[in-house]
Amino acid sequence: MIEEILFEAEEKMDKAVTVAKEDFAAIRTGRVTPAMFNKINVDYYGSLTPIQQLASFHVPEARMVLIQPYDKGSMTAIEKAIRDSDLGVNPGNDGTIVRVVFPELSGERRKEYIKIARTKAENSRVSIRNIRRHAKETLDKMVKDGESGEDEVHRAVKELDDLTQKHVAKIDDLLKHKEAELLEV
(Lines give C-alpha, C1' and ligand atoms only; values in the text may rest on other atoms or scores of the structure.)
Protein backbone atom coordinates (compact mmCIF):
# COMPACT_ATOMS: atom_id res chain seq x y z
CA MET A 1 0.00 0.00 0.00
CA ILE A 2 2.81 2.44 0.89
CA GLU A 3 4.64 1.57 -2.33
CA GLU A 4 1.48 2.27 -4.33
CA ILE A 5 1.12 5.70 -2.74
CA LEU A 6 4.76 6.56 -3.47
CA PHE A 7 4.51 5.22 -7.02
CA GLU A 8 1.36 7.23 -7.70
CA ALA A 9 2.96 10.38 -6.25
CA GLU A 10 6.05 9.89 -8.40
CA GLU A 11 3.93 9.41 -11.53
CA LYS A 12 1.99 12.61 -10.84
CA MET A 13 5.23 14.52 -10.18
CA ASP A 14 6.65 13.24 -13.47
CA LYS A 15 3.51 14.50 -15.22
CA ALA A 16 3.97 17.92 -13.57
CA VAL A 17 7.54 18.06 -14.94
CA THR A 18 6.28 17.05 -18.40
CA VAL A 19 3.65 19.81 -18.32
CA ALA A 20 6.36 22.30 -17.31
CA LYS A 21 8.51 21.19 -20.27
CA GLU A 22 5.56 21.72 -22.62
CA ASP A 23 4.84 25.13 -21.10
CA PHE A 24 8.48 26.17 -21.49
CA ALA A 25 8.52 24.94 -25.10
CA ALA A 26 5.58 27.23 -25.84
CA ILE A 27 7.52 30.29 -24.61
CA ARG A 28 9.25 31.96 -27.51
CA THR A 29 12.99 32.41 -27.55
CA GLY A 30 15.18 33.97 -30.21
CA ARG A 31 14.49 31.11 -32.60
CA VAL A 32 11.10 29.79 -33.60
CA THR A 33 10.00 26.19 -33.06
CA PRO A 34 6.80 24.37 -34.06
CA ALA A 35 6.30 23.59 -30.33
CA MET A 36 5.25 27.22 -29.89
CA PHE A 37 2.00 26.35 -31.65
CA ASN A 38 1.17 23.34 -29.41
CA LYS A 39 -1.43 25.19 -27.34
CA ILE A 40 -3.26 26.68 -30.33
CA ASN A 41 -6.60 25.15 -31.29
CA VAL A 42 -8.34 25.96 -34.56
CA ASP A 43 -12.11 26.15 -35.04
CA TYR A 44 -12.25 23.52 -37.77
CA TYR A 45 -15.79 22.95 -39.03
CA GLY A 46 -17.30 23.65 -35.62
CA SER A 47 -14.87 21.71 -33.41
CA LEU A 48 -11.65 22.90 -31.77
CA THR A 49 -8.77 20.96 -33.28
CA PRO A 50 -5.05 21.24 -32.41
CA ILE A 51 -3.21 23.04 -35.18
CA GLN A 52 -0.67 20.16 -35.50
CA GLN A 53 -3.48 17.90 -36.75
CA LEU A 54 -4.38 20.33 -39.52
CA ALA A 55 -1.01 21.35 -40.97
CA SER A 56 2.69 20.65 -41.29
CA PHE A 57 5.32 23.09 -40.06
CA HIS A 58 8.58 24.16 -41.69
CA VAL A 59 11.15 26.52 -40.16
CA PRO A 60 13.27 27.92 -43.04
CA GLU A 61 14.73 30.76 -40.92
CA ALA A 62 15.23 31.42 -37.22
CA ARG A 63 12.26 33.81 -37.04
CA MET A 64 9.91 32.38 -39.68
CA VAL A 65 7.51 29.43 -39.73
CA LEU A 66 5.73 28.17 -42.81
CA ILE A 67 2.50 26.33 -42.03
CA GLN A 68 1.08 24.19 -44.82
CA PRO A 69 -2.52 23.11 -44.16
CA TYR A 70 -3.53 19.62 -45.28
CA ASP A 71 -6.93 21.07 -46.19
CA LYS A 72 -6.77 24.41 -48.02
CA GLY A 73 -10.24 25.26 -46.67
CA SER A 74 -8.82 25.49 -43.15
CA MET A 75 -6.27 28.18 -44.06
CA THR A 76 -8.31 31.19 -42.87
CA ALA A 77 -9.27 29.38 -39.64
CA ILE A 78 -5.60 28.58 -38.95
CA GLU A 79 -4.63 32.17 -39.70
CA LYS A 80 -7.33 33.49 -37.35
CA ALA A 81 -6.35 31.10 -34.53
CA ILE A 82 -2.71 32.19 -34.74
CA ARG A 83 -3.69 35.88 -34.84
CA ASP A 84 -5.94 35.44 -31.77
CA SER A 85 -3.33 33.47 -29.82
CA ASP A 86 -0.90 34.97 -27.30
CA LEU A 87 2.04 34.72 -29.75
CA GLY A 88 1.66 38.36 -30.75
CA VAL A 89 2.16 37.84 -34.49
CA ASN A 90 0.20 38.64 -37.62
CA PRO A 91 0.29 35.71 -40.07
CA GLY A 92 -0.19 36.06 -43.79
CA ASN A 93 -1.02 33.56 -46.51
CA ASP A 94 -0.34 33.24 -50.20
CA GLY A 95 -3.10 30.74 -50.96
CA THR A 96 -1.07 27.61 -50.24
CA ILE A 97 0.87 28.31 -47.03
CA VAL A 98 0.50 30.48 -43.95
CA ARG A 99 3.67 32.48 -43.32
CA VAL A 100 4.34 33.59 -39.74
CA VAL A 101 7.25 35.98 -39.23
CA PHE A 102 8.19 36.71 -35.63
CA PRO A 103 9.69 40.10 -34.77
CA GLU A 104 13.12 40.34 -33.18
CA LEU A 105 12.90 39.98 -29.41
CA SER A 106 13.63 43.21 -27.57
CA GLY A 107 15.32 43.20 -24.17
CA GLU A 108 12.04 44.23 -22.54
CA ARG A 109 10.14 41.39 -24.24
CA ARG A 110 12.81 38.89 -23.16
CA LYS A 111 12.35 40.00 -19.54
CA GLU A 112 8.58 39.54 -19.88
CA TYR A 113 9.13 36.00 -21.17
CA ILE A 114 11.47 35.26 -18.26
CA LYS A 115 8.75 36.41 -15.85
CA ILE A 116 6.27 34.13 -17.61
CA ALA A 117 8.72 31.22 -17.40
CA ARG A 118 9.30 31.85 -13.68
CA THR A 119 5.54 31.92 -13.07
CA LYS A 120 5.07 28.63 -14.92
CA ALA A 121 7.96 27.10 -12.96
CA GLU A 122 6.46 28.23 -9.65
CA ASN A 123 3.08 26.79 -10.64
CA SER A 124 4.79 23.47 -11.36
CA ARG A 125 6.62 23.55 -8.02
CA VAL A 126 3.33 24.24 -6.22
CA SER A 127 1.73 21.35 -8.07
CA ILE A 128 4.55 19.01 -7.00
CA ARG A 129 4.27 20.18 -3.38
CA ASN A 130 0.51 19.61 -3.46
CA ILE A 131 1.08 16.06 -4.70
CA ARG A 132 3.52 15.55 -1.81
CA ARG A 133 1.06 16.97 0.71
CA HIS A 134 -1.75 14.74 -0.53
CA ALA A 135 0.46 11.61 -0.40
CA LYS A 136 1.68 12.53 3.11
CA GLU A 137 -1.89 12.98 4.32
CA THR A 138 -2.74 9.54 2.96
CA LEU A 139 0.29 8.04 4.74
CA ASP A 140 -0.59 9.78 8.02
CA LYS A 141 -4.13 8.44 7.73
CA MET A 142 -2.72 4.92 7.39
CA VAL A 143 -0.90 5.30 10.72
CA LYS A 144 -3.98 6.78 12.34
CA ASP A 145 -6.18 3.91 11.09
CA GLY A 146 -3.62 1.32 12.18
CA GLU A 147 -3.01 0.05 8.64
CA SER A 148 0.74 0.61 8.86
CA GLY A 149 3.48 1.18 11.43
CA GLU A 150 4.95 4.56 12.21
CA ASP A 151 8.48 3.51 11.22
CA GLU A 152 7.38 2.36 7.76
CA VAL A 153 5.44 5.56 7.20
CA HIS A 154 8.36 7.67 8.47
CA ARG A 155 10.65 5.99 5.92
CA ALA A 156 8.03 6.50 3.21
CA VAL A 157 7.70 10.21 4.08
CA LYS A 158 11.49 10.57 3.84
CA GLU A 159 11.40 8.91 0.42
CA LEU A 160 8.51 11.17 -0.57
CA ASP A 161 10.55 14.23 0.45
CA ASP A 162 13.47 12.98 -1.68
CA LEU A 163 11.12 12.53 -4.65
CA THR A 164 9.76 16.04 -4.14
CA GLN A 165 13.25 17.57 -4.00
CA LYS A 166 14.32 15.65 -7.11
CA HIS A 167 11.32 16.84 -9.13
CA VAL A 168 11.58 20.44 -7.92
CA ALA A 169 15.26 20.36 -8.94
CA LYS A 170 14.19 19.22 -12.43
CA ILE A 171 11.82 22.19 -12.68
CA ASP A 172 14.58 24.55 -11.50
CA ASP A 173 16.94 23.08 -14.09
CA LEU A 174 14.37 23.51 -16.86
CA LEU A 175 13.83 27.12 -15.77
CA LYS A 176 17.57 27.81 -15.72
CA HIS A 177 17.93 26.49 -19.29
CA LYS A 178 14.92 28.48 -20.50
CA GLU A 179 16.26 31.69 -18.94
CA ALA A 180 19.65 31.13 -20.56
CA GLU A 181 17.93 30.48 -23.89
CA LEU A 182 15.91 33.68 -23.56
CA LEU A 183 18.91 35.80 -22.65
CA GLU A 184 21.13 34.65 -25.52
CA VAL A 185 21.06 37.12 -28.35
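For every chain, the first residue of the written sequence is number 1, and numbering continues from 1 onward in sequence order. Residues qualify for local features only when their pLDDT is at least 70, as the model is predicted, and side-chain atom pairs are given and counted only at 80 or more; totals for whole chains, interfaces and linings, by contrast, use all residues. In computing side-chain properties, one takes all heavy atoms of the structure into account and sets aside hydrogens as well as water.

1. A look at the pairing of strand 1 (residues 41-44)
Cut-off, in case you're wondering: In this description, strands pair whenever DSSP reports at least two bridges between them. Only DSSP runs of H or I with at least four residues qualify as helices, and only runs of E with at least two residues qualify as strands; both kinds are numbered from the N terminus onward.
Alignment of strand 1 against strand 2 (residues 47-50), held across 4 bridges, turns out to be antiparallel. When the sheet's bridge partners are listed, aspartate 43 is paired in strand 2 with leucine 48.

2. Some words on the environment of glutamate 150
One can find glutamate 150 in helix 4 (residues 150-183). Through-space distance from the C-alpha of glutamate 150 to that of leucine 139 is 9.5 Å; in sequence the pair is 11 residues apart.

3. Observations regarding the pairing of strand 6 (residues 98-101)
Selection rule: Type-normalised accessible area, obtained with a 1.4 Å probe on protein chains alone, sets the label of each residue: buried when under 20%, exposed when over 50%, and partly exposed for intermediate values.
Burial along strand 6 is one-sided: Val98 and Val100 are buried, and none of Arg99 and Val101, which face the opposite way, are. When strand 5 (residues 92-93) meets strand 6, the two strands line up antiparallel, connected through 2 bridges. Bridging across to strand 6, glycine 92 finds its partner in arginine 99. What sits between the antiparallel neighbours strand 5 and strand 6 is a turn of 4 residues, in which glycine 95 has the positive phi angle 100°.

4. Some points on helix 2 (residues 75-84)
This is how the line gets drawn: When we speak of the arc, we mean the arc of directions from the helix axis to the C-beta atoms. We call two residues in contact whenever any of their non-hydrogen atoms come within 4.5 Å of each other.
When helix 2 is considered as a whole, its buried residues turn out to be Met75, Ile78, Glu79, Ala81 and Ile82. Down the axis, helix 2 shows its buried residues gathered within 165° of arc, on one side only. In this structure, helix 2 carries Thr76, Lys80 and Asp84 as exposed residues pointing more than 90 degrees from its buried face. Those residues of helix 2 hidden inside the fold are in contact with strand 1, strand 3 (55-61), strand 4 (64-69), strand 5 and strand 6.

5. Observations concerning unusual backbone geometry
The phi angle at tyrosine 45 is positive, at roughly 50°, despite the residue not being glycine. Along the chain, the position of tyrosine 45 falls in the loop between strand 1 and strand 2.

6. Thoughts on the side chain of glutamate 179
Structurally, glutamate 179 can be placed in helix 4. A residue is classified by how much of its surface remains accessible, and glutamate 179, at 17% relative accessible area, is buried. Excluding residues that lie within four positions of it along the chain, glutamate 179 makes contacts with Ile114 and Arg118.

7. Let's talk about the layout of surface pockets
Quick note on the threshold: Using only the protein atoms, space was sampled on a 1 Å grid; points where a 1.4 Å probe fits but cannot get out form cavities, open sets with protein on both sides within 12 Å along at least five of seven lines form pockets, and lining residues are those with an atom within 4 Å of a point. Grid points are joined across faces, edges and corners, and a volume is the space filled by probe spheres set on the points. Three classes are used: nonpolar for Ala, Val, Leu, Ile, Met, Phe, Trp, Tyr, Cys and Pro, charged for Asp, Glu, Lys and Arg, and polar for all others, with Gly counted as polar. Where a domain begins and ends is set by an automatic assignment or by a domain database.
In this structure, the largest pocket occupies an estimated 280 Å³ of space. Along the walls of the largest pocket sit 14 residues, with Ala26, Ile27, Asp86, Leu87 and Lys120 positioned nearest its centre. Elements represented by at least two residues in the lining of the largest pocket include exactly helix 1 (2-26) and helix 3 (107-144). A per-class count over the lining of the largest pocket returns 7 nonpolar, 1 polar and 6 charged. Counting contributing residues, the lining of the largest pocket receives three or more from each of domain 1 (1-28 + 106-184) and domain 2 (34-101). By volume, the second largest pocket amounts to about 150 Å³. Residue lining of the second largest pocket: Met1, Glu4, Ile5, Glu8, Ala9, Lys12, Ile131, His134, Ala135 and Thr138, and that is the complete set. Going through the elements one at a time, helix 1 and helix 3 are the ones with two or more residues in the lining of the second largest pocket. When residues of the lining of the second largest pocket are assigned to their parent elements, the largest contribution, 5 residues, is made by helix 1. Class assignment for the residues of the lining of the second largest pocket results in 5 nonpolar, 2 polar and 3 charged.

8. A closer look at the domain arrangement of the protein
So the rule is basically this: Two parts placed together each lose some accessible area under a 1.4 Å probe, and adding up what both lose gives the buried area. Here, a salt bridge means any side-chain nitrogen of Lys or Arg that lies within 4 Å of a carboxyl oxygen of Asp or Glu.
In terms of domain boundaries, the protein breaks down into domain 1 (1-28 + 106-184) and domain 2 (34-101). For domain 1 and domain 2, the distance between their C-alpha centroids amounts to 32 Å. On the side of domain 2, 4 residues touch domain 1, which itself brings 5 residues to the contact. Summed over both sides, the interface of domain 1 with domain 2 buries roughly 500 Å², with 54% coming from carbon and sulfur. When the buried area of domain 1 at its contact with domain 2 is split by residue, Ala25, Ala26 and Arg28 rank highest and sum to 66% of it. Applying the counting criterion to the domain 1 and domain 2 interface returns 1 salt bridge.

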